[in-house]
Amino acid sequence: MSPASTGASTVVDAVPSVSATDSSSDSRMAPGGPGYRRMSFALFLAGVATFALLYSTQALLPLISGEFGVAANEASWTVAAATGGLALFVLPMSALSERFGRRTVMTASLAVAVSVGMLVPFAPSIGALVVLRAVQGAALAGLPASATAYLAEEVRPKALVTAIGLFVAGNSIGGMSGRVITGWIAQEWGWRIAIGVIGAIAVGCAVAFRLLLPAPKHFMPGSLRPRVLAGTVRDHLSDPLLRRLYAIGALFMTVFGGVYTVIGYRLTEEPFGLPQGIVGSIFLVYLVGTVSASTAGRLVGRLGRRGALYLAGGTTAAGLLLSLADSLPLVLLGLVLITAGFFAGHAVASSAVGKTATHGRAQASALYQSAYYIGSSTGSTVGAIAFHAGGWAGTVGVGLLAVLGVVTITVLGTRAARVAARRDLVAAH
């Protein structure tokens, strides 16, 4: 559906159309070109700051429970409030980026989030801590969708998957540091100092991000009218390809959320019996995700989008099956494969959203992020329930069903593409 048919301005999210043979006239950024390296590093740092802040309390829940005298389920709200705030506000924040600009919204979001992050260590009660974390998550909502929309507008299509892969790689580094670094610092100086250190790191990332990110050249402001925004969201949800991509993102995150919520329980129990500090270091496996996300562009170039999704799903499934073994090396190898498959699949699906949406890219990306975090919540909850009911095999079963869903959706997409190609061929003749 065209922008005009939704009531949206026809210039919103307009991106210059350049043929493959006329790429020299495309003013958007490309690898090796002016500003591309600065842009990539800036958004990498934004990803680091976002996920370091978002998950900074996850490894510290026992210490938080001990200080405030609350049970684990109450302490866990310090994580759930942040991710819930992000999921709830990602769409409104994306709408603001359509009106005021991607860089402006990302800068403001990071500024608020890091400011709140410096207050979190001084929270006087568990209630105050949860409220601060919810505000922090809501502020961080301005990053994911706006970053994807910025890249879709400012980077040439052939380089888009690679550019988004670098942003996702920053997410993996931040997610890892938000758990591993805080765990080791808290062991020596307490959880408040650990949270303060993460906040200081995020401040540095935010400042560097604002100094490095090139000013947008292709952004065209849109309307904040509710009717226009509702029409844009309706258009995206009526697009079969976007719906499939949203579902794929949610299903991949269901696997990932379930595995990393439950893996600590499994590794502290027999036959492994690992100490908590070593279990926390398991999140170093996220480095594998950094590599797989940043190479997703090359995968798509060789295999196509659907081929890359098949490979990501197969890698994830192989990792789940390996993790069933009672051998620690095999379990760790399984986690490596699960992490690599997840981050590759996430990078491919999220970049495809930016390329598929012809208008309202921030809203298209926001819907993907909402589905993504719904998948995280679903995986964490259902994975834990399955673990208590059937042990680690139950969690693996949930993950395999989610991977089957990814493969099924991709097969349906392949068939739909073939039918459309045949229909176009008939019409051409």
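Now for a description of the structure that goes with this document. It should be emphasised that the depicted structure is a prediction, and the values quoted were computed from it without experimental measurement.

1. Here we look at the overall build of the chain
Broken down by element type, the chain carries 17 helices and zero strands. Within the span of the chain, comprising 429 residues, buried residues form 54% of the whole. Once local pairs closer than 6 in sequence are excluded, the contacts in the chain between residues at least 24 apart make up 82%. Looking at the chain as shown, the accessible area adds up to about 17500 Å², and 68% of this sits on carbon and sulfur atoms.

2. Some points on the packing of aromatic side chains
As enumerated under the stated definition, the model contains 10 aromatic pairs in all. Look at Tyr-372 and Tyr-373: their rings are 5.0 Å apart centre to centre, the planes differ by 85°, and that puts the pair in the edge-to-face class. Like Tyr-372, the residue Tyr-373 is buried in the burial classification.

3. Comments concerning helix H11 (residues 240-268)
The end-to-end C-alpha distance of H11, which contains 29 residues, comes to 43 Å, matching closely the 42 Å that a straight helix rising 1.5 Å per residue would cover. Of all the bends found along H11, the most pronounced is centred on Val-262 and spans about 35°. Taking the backbone nitrogen of Leu-241 as reference, a side-chain oxygen 2.9 Å away marks Asp-239 as the first, capping residue of H11.

4. So, helix H10 (residues 226-238)
The end-to-end C-alpha distance of H10 is 18 Å, a good match for the 18 Å that 13 residues give at a rise of 1.5 Å each. Residues Val-228, Leu-229, Gly-231, Thr-232, Val-233, Asp-235 and His-236 constitute the buried set of H10.

5. A short note on the environment of Ile-248
Take Ile-248: it is sitting in helix H11. Ignoring sequence-local partners within four residues, the contact set of Ile-248 consists of Leu-309, Ala-349, Val-406, Ile-409 and Thr-410.

6. Here we look at the environment of Leu-241
On the secondary structure map, Leu-241 appears in helix H11. The exposure class assigned to Leu-241 is partly exposed, which follows from its relative accessible area of 21%. As for Leu-241 and Val-353, which are separated by 112 residues in sequence, their C-alpha atoms are 8.6 Å apart. Apart from residues no more than four positions distant in its own chain, Leu-241 is found in contact with Arg-305 and Thr-356.

7. Structural notes on a nonpolar patch on the surface
A cluster of nonpolar side chains, Met-118, Val-203, Val-207 and Leu-211, forms an exposed patch at the surface whose accessible area comes to about 350 Å². Counting residues per element, the nonpolar patch draws most heavily on helix H9 (residues 191-212), at three residues. Position of Met-118 among the secondary structure elements: in helix H5 (residues 102-119). Classification of Met-118 as partly exposed rests on a relative accessible area of 36%.

8. A closer look at the packing of helix H1 (residues 36-54) against helix H6 (residues 126-140)
Look at H1 against H6: their axes get within 10 Å of each other, and the N-to-C directions meet at 155°. Between H1 and H6, the interaxial angle falls into the category roughly antiparallel. Between H1 and H6 lies a crossing of left-handed hand. Contact residues: H1 offers Thr-50, Leu-53 and Leu-54, while H6 offers Arg-133, Gln-136 and Leu-140. Its residues assigned to classes, the contact of H1 with H6 shows three nonpolar, two polar and one charged.

Reading guide: rules and limits
Residues numbered from 1 in each chain as written. Predicted model: local features only at pLDDT ≥ 70, side-chain atom pairs only at ≥ 80, totals over all residues. Heavy atoms only, no water. Helix = DSSP H or I, 4+ residues; strand = E, 2+ residues; numbered from the N terminus. Buried < 20%, exposed > 50% of the residue type's maximum accessible area, 1.4 Å probe, protein only. Contact = heavy atoms within 4.5 Å. Areas by Shrake-Rupley, 256 points an atom, 1.4 Å probe, with all protein chains shown as cover. Phe/Tyr/Trp six-rings, centres within 6.5 Å; stacked < 30°, edge-to-face > 60°. Expected span 1.5 Å × (residues − 1). Bend = angle between axes of the 7 residues up to and from the residue. Polar contact = N/O pair within 3.5 Å; in protein donor to acceptor, adjacent residues only side chain to side chain. Patch = residues over 30% accessible without salt bridge, like charges linked within 9 Å, V, L, I, M, F, W, Y side chains within 5 Å. Salt bridge = Lys/Arg side-chain N within 4 Å of Asp/Glu carboxyl O. Axes fitted to C-alpha atoms, helices over the stretch in contact; angles between N-to-C directions. Parallel < 35°, antiparallel > 145°, perpendicular 65-115°, else oblique. Left-handed = near helix turned anticlockwise from the far one by under 90°. Nonpolar A, V, L, I, M, F, W, Y, C, P; charged D, E, K, R; others polar.

Geometric values such as these leave the question of function open.
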